[in-house]
Amino acid sequence: MIDTLWIYIWRFQPFHNGHKNIVDTMLKENTHSVVFIWISEDEEKNPYSYYERLHFFTHTYSSIPN
């Protein structure tokens, strides 16, 4: 098998089934996966904090370390 790496950068405002489908595919089809959670200081356009977004993600994929 060829090693592959998929990097996924997203805001997760909030994390939803569309995000989950992409991450599920990424984890299934790649040897290595990295997810970056994009944050912005514009609270009006981005009401969720980094920790809230991390919570959305880690509670969907509970085996992924914080």
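Located above this text is the structure these notes cover.
Conventions and cut-offs
- Residues numbered from 1 in each chain as written.
- Predicted model: local features only at pLDDT ≥ 70, side-chain atom pairs only at ≥ 80, totals over all residues.
- Heavy atoms only, no water.
- Salt bridge = Lys/Arg side-chain N within 4 Å of Asp/Glu carboxyl O.
- Helix = DSSP H or I, 4+ residues; strand = E, 2+ residues; numbered from the N terminus.
- Buried < 20%, exposed > 50% of the residue type's maximum accessible area, 1.4 Å probe, protein only.
- Pairing = 2+ DSSP bridges.
- Right-handed = clockwise from strand over helix to strand, strands pointing away.
- Expected span 1.5 Å × (residues − 1).
- Arc of directions from axis to C-beta.
- Contact = heavy atoms within 4.5 Å.

Visitor: Can you break down the pattern of salt bridges residue by residue, with the values?
Guide: Across all of its chains, the model carries one salt bridge by this definition. With its nearest N and O atoms 2.7 Å apart, the salt bridge here joins Lys20 to Asp24. With Lys20 and Asp24 both in helix H1 (residues 17–29) and four residues apart, the pair spans about one turn of that helix. Taking the relative accessible area as the measure of exposure, Lys20 reaches 28% and is therefore partly exposed. For Asp24, a relative accessible area of 27% corresponds to the partly exposed category.

Visitor: Any chance you could break down the pairing of strand S1 (residues 5–10) for me, citing the residues and the numbers?
Guide: With six bridges connecting them, S1 and strand S2 (residues 32–37) associate as parallel partners. If you follow Leu5 over to S2, its bridge partner there is His32. Where the polypeptide runs from S1 across H1 and back to S2, its parallel neighbour, the crossover connection is right-handed.

Visitor: Requested: an account of H1, with residues and values cited.
Guide: For H1, which comprises 13 residues, the first-to-last C-alpha distance of 18 Å matches the rise-based estimate of 18 Å (1.5 Å per residue) to within 8%. Within H1, the full set of buried residues consists of His19, Val23 and Met26. Axial view of H1: buried residues confined to an arc of 55°, hence all on one face. Exposed side chains of H1 directed beyond 90 degrees from the buried face belong to Asn17, Asn21, Lys28 and Glu29. On its buried face, H1 sits against S1, S2 and helix H2 (50–60).

Visitor: I'd like to hear about the environment of Pro14, residue by residue, with values.
Guide: Position of Pro14 among the secondary structure elements: in the loop between S1 and H1. Relative accessible area serves as the criterion here: at 32%, Pro14 is assigned to the partly exposed category. Here the alpha-carbon distance between Pro14 and Tyr48, two residues 34 residues apart in the chain, equals 7.5 Å. In contact with Pro14, not counting residues within four places along its chain, are His19, Tyr48 and Phe56.

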